[in-house]
Amino acid sequence: MFKTVLKREILHNLYSLRFMLSLVLVLAVFVAHSLSFVRSHASAMEKYRETRGLAVKAMQNDASQSATRLAVTPRYFDLRPRDNAFIADAKERFLPNALRYSAWNVFGFQNKSGSSNPFLPRYDELNWMFIAALIISFVTFLFTFDAVSGEKESRTLAQALSNSVSRGTLLFGKYVSAILSVLLILVPGALVSLLIVLLAGSVSWSAGLAGETAAYLAVAGLLTAVMAAFGLLCSVIARNSNVSLLLALSAWILFAVVIPNSSAFIAKNLYPIEKAESVQKRVNVAFEDLNKGAPPGSWMMNSGNPFLPQHELRADLQRKRLAAEKAIRDDYYRVMFRQFEKTRQLISISPVAAFGFLVDAAVGGGYQRFRKAWDDIHVYQTQFQEYFTALDAKDPKSPHWLNPNEDVSTTRLAADFETVPQFTEQPMSLSGRLKPALLYLIILVVMGCLVFFASFILFVRYDVR
Amino acid sequence: MIFHIAKKEFLNNLVSARFVIGFLLCLVLIPFSILINVDDYRDQMVRYRLDLDAAEKSLKEIRVYSALRPQIIFAPEPLGIFGKGISAQVGNKVRTRLGEMPLLAEGVAATRDNPFLASFFSIDFVEIVAIIFALLALLFSFDALTGEKENGTLRLQIANTVSRSRILAGKIAGILLTLLPILVFCFLLGSFVIMLSGDLSFTGREWGRLAALALAALVYLAVFVFIGLLVSSRTKTSVTSLVLCLFLWVLLVFIVPNLSSYFAESFVGIQSRDNLDRVLNDFDKATLERIAAVEKSLPRPDWQMSWYSNSAEDGYRELYGLSASYFEWFRLRTEAAEPMRLDNADKKWGPQRAYLDSLDRQARAADLLAMTSPAGIFRIVASALCGTDRATYQARMDDVRRYRETFVRYLQGKNIFASYAYITPTPPSAFRAADQLIEARSGGKFKNMREYDDWAGKQADFRARFQILNTVKLPNDSPDGFPTLNADDMPRFSGRAVSVFGALEGSILRLGLILFESLALFALACVAFIRYDVR
């Protein structure tokens, strides 16, 4: 019986105007997105290569002058534009995308907005994630909002139930058929888009990409299931389809527009953090204290004479200053991470938001990617520091007074650039992606089950007359 | 007759579920959006006051003209509470520099404190209005004709002696009459929240702009009513009409505006900021080389010893306790270097402007594409009215650049680059030759420079060479005791307030377009209804 219901519902959906319109709209947006991505990714990669090339050249130049200069000069490591950004850009344009480091410290991060235009209003990039989060969730509501109330109005519901079909089977049939119909719109769109991106040569086909595409489709299917459950709920709550439509639209606006866009407000008010100015003040105070406690002559400098005894005092002071500042800043960074993470957890009460975070994790992008790079560069920095101190130790002409900021009292020999450890960003591992995804996955599954169960209970009690 | 039809429509709508739910939706979302942004505005005001105090304080603590670099802080725009526009991403601080024209303001609000929060978007009143009003307008108009046709009442109406155009006019009036209270209610509610938050006070100008925003919202609303009617008059059933209307809503309100920015960014490139920075750096290097050449050509001072010196960016240099000829050396250097740096700033402005133009071109392309949707036009007009759009920001930055010219003229008028006051508060009458300084500082141990040099050459400990010169402290050897600079005659930056007409000036064309759109849609709806098969 379930099969009959499913077949009838799917055919009903397929022949409907909304299916045709959704298909055309989704396909059009997918194609527009892919064409746009091909173009923007190429220019982003070009810019990245140029910047990276210059950064490597600057490092080579410093290394050829002296190993100390190479070690103490702070430089940026720019995160590469992600090839799979067409699935989800994970708001990487707005997140910090450059890490500042030297052999002595990982100073911090920033959003290098070199490629973005401050005059453009902020907008969501039209990638696969956006298409599912906004259009597909909307289409799902369109397929389900009148599934019950609409049939009641056209008086077919009573007829359907007069057959030997249980209410549960009927509702589940409607539910599954709505999900399948939506997937019939999404999957061709995504495949066409993938084809365009592959044919244009922006990205190359790999097992990883296949996995990410499959993960995206699975997660989008899950979102569809949750939204369909909400749509059915709206449909069984109301007695007529007009009201259920309004309920569904209100829910959609709440999930897709209001909650995700309240995150900055939530972050600031529920999880307030210290202001950047006051952190800077604390750093200044720490510096002043250290300066006051430093032996006289610590600031005396003569770059012509590496063995000037004051250089040792200053090297000592500079190391202490670095450690003091690092402690304060790293602490503040951890607070920032916590504020961001907690806000994300809270706004995942919206399935659309949870879906977004889930896709970000699936493609290994956005915040998680940044955090991995952030942790990795700390490991790298230790290696870089060890490399440098070993090099310095070998130089008999160096006083070995390690100063993290100055090219004075350590080796003046050039470093062989080939042997200098380089930082490379590693793509996120499967477990690295799964771990953050788990929470959002659980939220979506539980929410889907609960809402479907609620609509089942209500449907059992539904007056079909 | 029109009145009767309008009244019937109005009453019909009033008792419908959509009116109640629409009203409730507004009742929740409007205060929420306003409160979010009031909170944000307060935060900005606190920062603004802190920044302003810091800027004022730093002006009062300086002792030399080379440190006089007024910092301009833009006050947050009160109407930004209604429409944020691009205000969160363009910054609000500009430091007046001699060596560079202001390019973009610093202190971008979105990346302060926690830069990760920049990836969170936030919603405002204008956005809510654009989304909800379009939806309500479509929901009230999609079945205006199809619904009556399905009920069989349309036939009855037309059987009376009333023309189709009157029926249509009556329906439009009825729908607008239903929506108008919601719109008025939303704006009143918004204003009410503003008035309740005690620390906010809007001037008459701001209320005027808010009223203009309400008018723009009304026109926007009308466009969507006409779209709904047009769809309704071209379809046979309400369901079809509804589905079409909802798709149009998603397309026009969400997809087109996003797509337009996305397309503009992909297909209308901007110059690379990194590249610009490199070009500017090259200019700076060339200027530094020219200045170094000047330094070489200057007569050598008798003692190249900066007893107490401070220097930082943009030509700041504060000197104490130098020999008279070394002071003179610095004066001559500055007299030549500062005009060179000013000239360098003018040269750099070429590439800077090209970069700004490329940003502007891309944003204009995005605007142009967004104007294919009434929601896009409404957002542009609304941010212009709220004073948070690109044009307002650019006008403000132009003002800042003009102010820099005024400031430079002020410095040049004082012939300050050729004056010692640019680098030291020490009066020239107190300058001494190197020999005198050495004699005084060493407490008479050395009579002149040569004696000191002979002695110093024999000292193994580097520090001892300086300690001997600390035997007697001279009064002019440090900033202590010198008064701070009085720059009260310095011209001040004054921003201009955005007036209703000023804000509308750039948007007239867009408002015209949206009006034209609504008229065209109305005409189309009329024609479609006249040809409508009412059976």
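It should be emphasised that the depicted structure is a prediction, and the values quoted were computed from it without experimental measurement.

Caption draft 1: Broad picture of the interface of chain B and chain A. Opposite the 56 residues of chain B that make contact, chain A presents 58 residues. Looking at the side of chain B that touches chain A, the elements with two or more residues in it are helix H2 (17-60), helix H3 (125-141), helix H8 (238-267), helix H9 (273-297), helix H10 (324-370) and helix H15 (462-467) of chain B. It is H8 of chain B that provides the largest number of residues to the side of chain B that touches chain A, a total of 17 residues. When its residues are assigned to classes, the side of chain B that touches chain A shows 34 nonpolar, 12 polar and 10 charged.

Caption draft 2: Broad picture of the domain arrangement of chain B. Residues and elements named next belong to chain B. The domain boundaries assigned to chain B delineate domain 1 (2-270 + 370-407 + 497-530) and domain 2 (273-356 + 409-470). When each unit is reduced to the centre of its C-alpha atoms, the spacing between domain 1 and domain 2 is 55 Å. Split into classes, the residues belonging to the side of domain 1 that touches domain 2 amount to seven nonpolar, three polar and five charged.

Caption draft 3: Spotlight on the domain arrangement of chain A. Residues and elements named next belong to chain A. Along its sequence, chain A is carved into domain 1 (2-30 + 132-264 + 442-460) and domain 2 (38-124 + 266-422). Counting from both sides, the interface comprises 26 residues of domain 1 and, opposite them, 25 residues of domain 2. Among the elements of the structure, helix H4 (128-144), helix H7 (167-199), helix H8 (207-237), helix H9 (241-258), helix H10 (263-270) and helix H15 (430-460) are those that each provide at least two residues to the side of domain 1 that touches domain 2. Among the elements that line the side of domain 1 that touches domain 2, the one with the most residues is H8, at eight residues. For the side of domain 1 that touches domain 2, the per-class residue count stands at 21 nonpolar, four polar and one charged.

Caption draft 4: Summary view of unusual backbone geometry. Even without being a glycine, Ala90 of chain A presents a positive backbone phi close to 55°. Summarising the element assignment, Ala90 of chain A is placed in the loop between strand S1 (75-78) and strand S2 (98-101). Even without being a glycine, Asp314 of chain B presents a positive backbone phi close to 55°. Its location among the elements puts Asp314 of chain B in the loop between strand S3 (308-311) and strand S4 (317-320).

Caption draft 5: Structural view of the confidence of the model for chain B. Of all residues in chain B, 98% have pLDDT values of 70 or greater, and the mean over the chain is 88. Within chain B, helix H16 (residues 500-505) of chain B has the poorest average pLDDT of any element, 71, and H10 of chain B the best, 94.

Caption draft 6: Up close: the packing of helix H7 (residues 204-234) of chain B against helix H17 (residues 508-530) of chain B. All names here are of chain B. Running from N to C, H7 and H17 point in directions that differ by 25°, and their axes come no closer than 8 Å. It follows from the interaxial angle that H7 and H17 lie roughly parallel. For the pair H7 and H17, the sense of crossing is left-handed. Contact residues: H7 offers Ala216, Val219, Tyr220, Ala222, Val223, Phe226, Ile227, Leu229, Leu230, Ser233 and Arg234, while H17 offers Leu511, Ile514, Leu515, Glu517, Ser518, Leu521, Phe522, Leu524, Ala525, Ala528 and Phe529. Looking at side-chain class alone, the contact of H7 with H17 contains 18 nonpolar, two polar and two charged residues.

Caption draft 7: Molecular detail of the pairing of S2 of chain A. All names here are of chain A. Residues of S2 alternate between two faces, with Leu99 and Tyr101 buried on one and Ala98 and Arg100 left unburied on the opposite face. Note that S2 and strand S3 (residues 106-110) share four bridges and pair antiparallel. Within S3, the position partnered with Ala98 by the bridge is Gln110. Between S2 and S3, which follow one another and run antiparallel, lie four residues.

Parameters at a glance
- Residues numbered from 1 in each chain as written.
- Chains lettered and ligands numbered in written order.
- Predicted model: local features only at pLDDT ≥ 70, side-chain atom pairs only at ≥ 80, totals over all residues.
- Contact = placed C-beta atoms within 7 Å.
- Helix = DSSP H or I, 4+ residues; strand = E, 2+ residues; numbered from the N terminus.
- Nonpolar A, V, L, I, M, F, W, Y, C, P; charged D, E, K, R; others polar.
- Domains from an automatic or database assignment.
- pLDDT = per-residue confidence, 0-100.
- Axes fitted to C-alpha atoms, helices over the stretch in contact; angles between N-to-C directions.
- Parallel < 35°, antiparallel > 145°, perpendicular 65-115°, else oblique.
- Left-handed = near helix turned anticlockwise from the far one by under 90°.
- Buried ≥ 20, exposed ≤ 12 C-beta atoms within 10 Å, placed from the backbone.
- Pairing = 2+ DSSP bridges.

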